[in-house]
Amino acid sequence: MRIDVITIFPGYLAPLREALLGRAIAAGLVDLDVHDLRDWTHDVHQAVDDAPYGGGPGMVMRPQVWGEALDAVLARDARTPRIVVPTPAGRPFTQATAQEWAGAERLLFACGRYEGIDQRVVDDARGRGLPVDEVSIGDYVLVGGEAAVLVMVEAVVRLLPGVLGNPASAEQDSFSDGLLEGPAYTRPETWRGLAVPEVLRSGNHAAIARWRRDRALERTAQRRPDLLAALPERALDKADRAF
Ligand SMILES: Nc1cc(-c2ccc3ccn(Cc4ccc(CN5CCCC5)cc4)c3c2)n[nH]1
């Protein structure tokens, strides 16, 4: 997978080259290129923003600069990317989104700042048949798209074959069965007077599976009743309902 990121703060994306993601890049599983939007300005001030038409707070990012940057970055690789534009006004980014994008051969993230990017940049890209996803990573307002890109790249890249040492982990992700995962424990058996639940040390795998499912149902009901309500009918078996 090739990932391009366009931003006025390239340094903000440095963490993508650390740890697991850094190893995926080093292993050639991911090609990452981070581009400075200001490379496509032509004025001495390298202006990337201007006042919003119709008034309102803050500034809006200029379409000309973004248009040139996107055209140039698109041309650097024959593969057509999904273009991703983080925005508070986007569709929710979920595990399903990450799964979908993990199948893409190329992703291009456009990081806005100020109050966002002139809408015509997205409209022009869509008008040329490019797939553009305007996505939100949650119902809170960030200062720019870069932090959202760090989150989304991590969620996507961990799903690529060969990235996670333990692929089973991704299969048992939260949300993969529609529920939150339950509590996890490791040694010691007792820590500060707190013991590991007996069943987990019983070796009774059926009982362990039942206990884990019950804890997941309990936690989901307590913390995310919306997920429980969204479960398809068939997702809960008789034992689940008894819970
Ligand atoms: N999930 C999530 C994603 C983001 C996010 C992503 C990209 C950008 C680029 C700039 N900003 C700052 C930003 C944008 C829009 C407003 C809302 N204003 C109200 C009036 C006009 C607009 C405020 C502040 C981003 C924020 N935040 N949260």
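Residues numbered from 1 in each chain as written. Predicted model: local features only at pLDDT ≥ 70, side-chain atom pairs only at ≥ 80, totals over all residues. Heavy atoms only, no water.

(A) Region of the structure containing the overall build of the protein chain. In terms of regular secondary structure, the protein chain is built from 9 helices and 9 strands. For 243 residues, the compact-globule estimate of 2.2 N^0.38 gives 18 Å, and the C-alpha radius of gyration of the protein chain, at 22 Å, exceeds that figure by more than 25%. Principal-axis analysis of the C-alpha atoms places the extent of the protein chain at approximately 70 × 40 × 40 Å. Buried positions account for 40% of the 243 residues belonging to the protein chain. Restricting to contacts in the protein chain with at least 6 residues of sequence separation, those with at least 24 account for 75%. Only carbon and sulfur atoms are counted for the fraction: they give 53% of the accessible area of the protein chain, which is about 14,000 Å². The centroid of the 28 positive side-chain charges in the protein chain is displaced by 7 Å from the centroid of its 35 negative side-chain charges. (Helix = DSSP H or I, 4+ residues; strand = E, 2+ residues; numbered from the N terminus. Rg over C-alpha atoms; globule rule 2.2 N^0.38 Å. Buried < 20%, exposed > 50% of the residue type's maximum accessible area, 1.4 Å probe, protein only. Contact = heavy atoms within 4.5 Å. Areas by Shrake-Rupley, 256 points an atom, 1.4 Å probe, with all protein chains shown as cover. Lys, Arg positive; Asp, Glu negative; His and termini not counted. Charge placed at Lys NZ, Arg CZ, Asp CG, Glu CD.)

(B) Geometry of the packing of aromatic side chains. What the rule picks out here adds up to 3 aromatic pairs. Here a set of aromatic residues connected by ring pairs shows up, and it is made of Phe 93, Trp 101 and Phe 109. (Phe/Tyr/Trp six-rings, centres within 6.5 Å; stacked < 30°, edge-to-face > 60°.)

(C) Broad picture of the site of the ligand. Around the ligand lies a shell of 17 residues, among which Glu 115, Ile 137, Gly 138, Tyr 140 and Leu 142 are the nearest. Within the backbone of Tyr 140, one N or O atom sits 2.6 Å away from a nitrogen atom of the ligand. Out of a free accessible area of 600 Å², the ligand has 75% covered by protein chains. Examining the composition of the shell around the ligand, we find that 3 residues originate from one element, strand 5 (residues 82-92), more than from any other. (Near = heavy atom within 4 Å. Polar contact = N/O pair within 3.5 Å; in protein donor to acceptor, adjacent residues only side chain to side chain.)

(D) Representation of the sheet that holds strand 1 (residues 2-7) within the structure. With parallel pairing, 5 strands are arranged side by side in an open sheet as 2-1-6-5-7. Of all the strands in the sheet, the pair left with one neighbour each is strand 2 (31-36) and strand 7 (132-136). Between one strand axis and the next, the sheet turns by 25 degrees as a mean value, whatever way the strands run. Summarising the sheet, strand 5 and strand 7 pair through 6 bridges and their orientation is parallel. Paired with Val 85 across the two strands is Glu 134, which belongs to strand 7. (Pairing = 2+ DSSP bridges. Axes fitted to C-alpha atoms, helices over the stretch in contact; angles between N-to-C directions.)

(E) Highlighting unusual backbone geometry. Cis peptide bonds are those with omega within 30 degrees of zero, and the linkage from Arg 187 to Pro 188 qualifies with 5 degrees. Its location among the elements puts Pro 188 in the loop between helix 6 (167-171) and strand 8 (190-191). The phi dihedral of Ala 19 falls on the positive side, at around 50 degrees, and the residue is not glycine. Tracing the chain through its elements places Ala 19 in helix 1 (residues 19-26). Despite not being glycine, Arg 192 shows a phi value in the positive range, around 50 degrees. Along the chain, Arg 192 falls in the loop between strand 8 and strand 9 (194-195).

Everything listed is a geometric property; what it means functionally is a separate question.
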